[in-house]
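Close look at the chain arrangement
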Amino acid sequence: MAVEIGGIGQSVKRKEDARFIRGKGKYVDDVKLPGMLYLDIARSPLAHARIKNIDTSKALKIPGVVAVITGKDLVPLNLHWMPTLMSDKQMVLPTDTVLYQAQEVAAVVATERYIAADGVDAIEVDYEPLPVVVDPIKALQPGATLVREDREQKDNHIWHWEVGDKAGTDKAFKDAEVVVKQDLYIPRIHVSSIETCGIVASFDKVEGKLTVWMTTQAPHAIRTVIALVAGHLGLAEHKIRVISPDIGGGFGGKVPVYPGYVLAIGASVLTGAPVKWIEDRAENIQADSFARDYHISAELAAKKDGTMQALRVKTIADHGAFDAAANPSKYPAGLFHIITGSYPFQKSFVEVDGAYTNKPPGGIAYRCSFRVTEAAFTIERLVDVLALELKKDPAELRMQNFIPPTAFPYTSSLGWEYDSGDYGRALRLAMDKIGYAELRKEQAAKRAKGELMGIGISSFTEIVGAGPSKNFDILGIKMFDSAEIRVHPTGKVMVRIGVKSQGQGHETTFGQIVAEELGIPVADIAVEEGDTDTAPYGLGTYASRSTPVAGGATAIAARKIREKAKLIAAHLLEADPDDVEWKDYKFQVKGVPTKSKTMQEVAFAAYTNHPQGMEAGLEAVDYYDPPNLTFPFGSYICVVDIDRGTGEVKIRRFVAVDDCGTIINPMIVEGQIHGGLTMGLAPALYEQITYDEQGNIQGGTFMDYLLPTAMETPSWETAKTTTPSPHHPIGAKGVGESATVGAPAAIANAVVDALAHLGVRHIDIPITPWKVQKILKEHGAAE
Ligand code: MCN
Ligand code: CUN
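The paragraphs below set out a description of the structure included in this document. Model, not experiment: these values are computed from the prediction.

1. Some thoughts on the side chain of Glu374
Tracing the chain through its elements places Glu374 in helix α11 (residues 372-390). Given the relative accessible area of 1%, Glu374 is considered buried. Only 2.8 Å separates the side chain of Glu374 from the side chain of Arg371, close enough to count as a polar contact. Once residues within four sequence positions are removed from consideration, Glu374 is found in contact with Ile186, Arg292, Tyr294, Ile296 and Phe336.

Below, the structure written as structure tokens:
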């Protein structure tokens, strides 16, 4: 029975793949409208410069160029600046100064895409170079080059944020038997979705209605932002329709509002024609929002026997020229205070300072759930540093310290209430699966022969599912989410939700939740997202929040339907509702299994034979405000071999044990973990974006920004434990980012473990062959 329904726990094949694998997905660039114009953007070659003049005359002479837009043209419309999600503001186009390389400087609108590009090439900008600051530590020093002249505050400090018990933590450190300290830099990286960002904006002058198709993870929030930013131009929220069609990967990079979107909307309002802007690959990698860029200094205090006691962390966050991060308003450093991880620290204190630099806006994306990757990497690296200091096995040290399963719900010293967990079970399973004890023996034998092999563990705790509205809002909009379910007379179902898949498989998994609750086969359930004219309001998909929040809304909306359906079933069965029960996906008269009604029969009756006095129809809406976040966790173990000649790190095995509570679709979750692990491998060994002293991007193309391919990616081995969330309607936690959060520390720990006997204690990621070879040479261990 259960298999036919395709309910919770079934590996139902992804419904959306029918179109994806046939090349029939519908992406923004597939939208073609009559009379559509194309927009392209001229970008700054310099990281900091005064704009003395922009000469657009040659561009305007090119046949097919319809308009050129500069910052000065936007001033009368008050559109030259826009608000960011972090209550900062960002230039749409500069009027006098550019603040980073690849910043938007002017836009060309033309009848064809290539004509627009020619127009961009013909724009002549006279720049006067200004001093550049790319290092946030230097940027915060007195006398540093000022990045943001527009601000009242005349320095590069954005905000200071702290949490925890400072005095108590300082005292714990003073009294501690053992203190380890580690500085870590988590470099700037960039998501590289298959599809770049883009928009088609179409303004209907007669109706005053704006329709936009865009690559956004949060269509409803974007609609509200457009209404707030452009309300003075007559764009009211009921006359704005945002459609987020199929998206070829988002990973956080499609949360922010980019100037290109605003320019395309502005151009459509000005010309009355539809305008398309599709970013090219270089623009995507050089100018879109960046992730990480955290300079962290972390200390851990412990007893000699290994008992962890206190944690103290100081961080400088490089946000580039505008604070355009996509964090909840209350938390400028995201959920970085999950940094206490899987351990019951008595005292902790964390402080973060944000800095402006002449770099593109950073601080958002890359499968991170709001700075959780930075936190997990730091604590899991630090635990290994402590293990080394105490000469303890890192697995044993973790087992000794884990928050015990009996302690949940557990409130961390930085204030988060972890819903559920069993960390020891996950680590034991990972150790059994990989054969930990045997590997340690093998390592010892290899070491004796001079061969380099390392084993690394990461037992991370994630925090996902923003969020309870008491803690979470973006620009005041509370982070709830929604579902609307309609059961049609013939028992087929339409589900609309406020989140938006970018490849995660929502059309399948949200159908499965409804299938389970209503006993209707998943094949008969259509799931729709991403159209603000039809879907209920929601905050979108990021921070692995769809299952924790919209998943809760979906289950509750379905249960509301079931409650009404029960009354109709009782009416049909001529029984008292109290004598009717929901069993085996049917309504049955208690104790009389032969007297039953299916949901399909009830649905038909809801429109044809419902009880007198009851409203017709069978539908429900739920706006779900979760009581808490969900705290998925996992234990990863990585085995590496290092080539003493080249310094190359080879991942021999990687076992990932994940726990995301109740699993809706095991196959989809495994896919999420495979993808997530690969995106965790990427920054650990390969990806990094750096800038030279003049603010020139190093690594702005795939020639030197190294994405792992199938060649570099090992064969991931996965396993699971299941510790349901006690507060989620179906016990599910989010999982979309877990593997990216957990993997880097396991890999880095494995590499350091391989070199620890040489005296190596830490290596900053990405751990490139060049770095390893240098270390081997320094220690006389190179071949
Ligand atoms: N799922 C499940 N059982 C659970 C938890 C999740 O079956 N206990 C399923 C979900 O129903 C959903 C998928 O797994 O189909 C991911 O669910 P969830 O963890 O709720 O995450 P979201 O759907 O909110 O997706 C967001 C998350 C984030 S924040 C990034 S970044 C990321 C990720 O998902 N970006 C992705 N995975 C991605 N996968 C693809 N293909 N493309 C992206 O851009
Ligand atoms: Cu931070 S990447 Mo996901 O939350 O969209």
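2. Brief notes about the packing of helix α18 (residues 666-686) against helix α19 (residues 738-755)
When two helices pack together, their arrangement is given by the angle between the helix axes and the distance between those axes. Following both chains from N to C, one finds α18 and α19 inclined at 45°, their axes separated by 7 Å at the closest point. In terms of orientation, α18 lies oblique with respect to α19. In this structure, α18 meets α19 at a crossing whose hand is right-handed. Packed against α18, whose contacting residues are Ile673, Gly676, Leu677, Met679, Gly680, Leu681, Ala684 and Leu685, the element α19 presents Ala739, Thr740, Ala743, Pro744 and Ile747 at the interface. The residue inventory of the contact of α18 with α19, partitioned by class, reads 10 nonpolar, three polar and no charged.

3. Quick notes on the site of ligand 1
In the neighbourhood of ligand 1, 33 residues make up the surrounding shell, with Gly250, His506, Ser546, Thr547 and Val735 lying closest. At 2.6 Å, a side-chain N or O of His506 approaches an oxygen atom of ligand 1. Val735 places a main-chain nitrogen or oxygen 2.6 Å from an oxygen atom of ligand 1. Notes on ligand 1: free accessible area 830 Å², of which the protein chains cover 96%. Elements supplying a minimum of two residues to the shell around ligand 1: α15 (506-518), α16 (546-573) and α18. Its residues placed into classes, the shell around ligand 1 shows 11 nonpolar, 18 polar and four charged.

4. Brief notes about the coordination of the copper atom of ligand 2
Ideal coordination angles are 109.5 degrees for a metal with four donors arranged tetrahedrally and 90 or 180 degrees for a metal with six donors arranged octahedrally. For the copper atom of ligand 2, the protein contributes exactly one donor atom, Cys368 (SG), at 2.3 Å. The topology assignment puts Cys368 in the loop between β17 (347-355) and α11.

5. A short note on the sheet that holds strand β27 (residues 586-589)
Backbone-to-backbone hydrogen bonds join strands into a sheet, with any given pair of strands oriented parallel or antiparallel. In spatial order, the strands read β26-β27-β28; together these three strands make up an open sheet with antiparallel pairing. Of all the strands in the sheet, the pair left with one neighbour each is β26 (580-583) and β28 (592-597). Neighbouring strand axes in the sheet, compared pairwise and without regard to direction, differ in orientation by 45° on average. In terms of strand pairing, β26 meets β27 through four bridges, oriented antiparallel. Paired with Glu581 across the two strands is Gln588, which belongs to β27. Lying on the sheet, α16 is in contact with β26, β27 and β28; it crosses β27 at an angle near 45°.

About the thresholds
Residues numbered from 1 in each chain as written. Chains lettered and ligands numbered in written order. Predicted model: local features only at pLDDT ≥ 70, side-chain atom pairs only at ≥ 80, totals over all residues. Heavy atoms only, no water. Helix = DSSP H or I, 4+ residues; strand = E, 2+ residues; numbered from the N terminus. Buried < 20%, exposed > 50% of the residue type's maximum accessible area, 1.4 Å probe, protein only. Polar contact = N/O pair within 3.5 Å; in protein donor to acceptor, adjacent residues only side chain to side chain. Contact = heavy atoms within 4.5 Å. Axes fitted to C-alpha atoms, helices over the stretch in contact; angles between N-to-C directions. Parallel < 35°, antiparallel > 145°, perpendicular 65-115°, else oblique. Left-handed = near helix turned anticlockwise from the far one by under 90°. Nonpolar A, V, L, I, M, F, W, Y, C, P; charged D, E, K, R; others polar. Near = heavy atom within 4 Å. Areas by Shrake-Rupley, 256 points an atom, 1.4 Å probe, with all protein chains shown as cover. Donors = N, O, S within 2.8 Å, 3.2 Å for Na, K, Ca; no water. Pairing = 2+ DSSP bridges.

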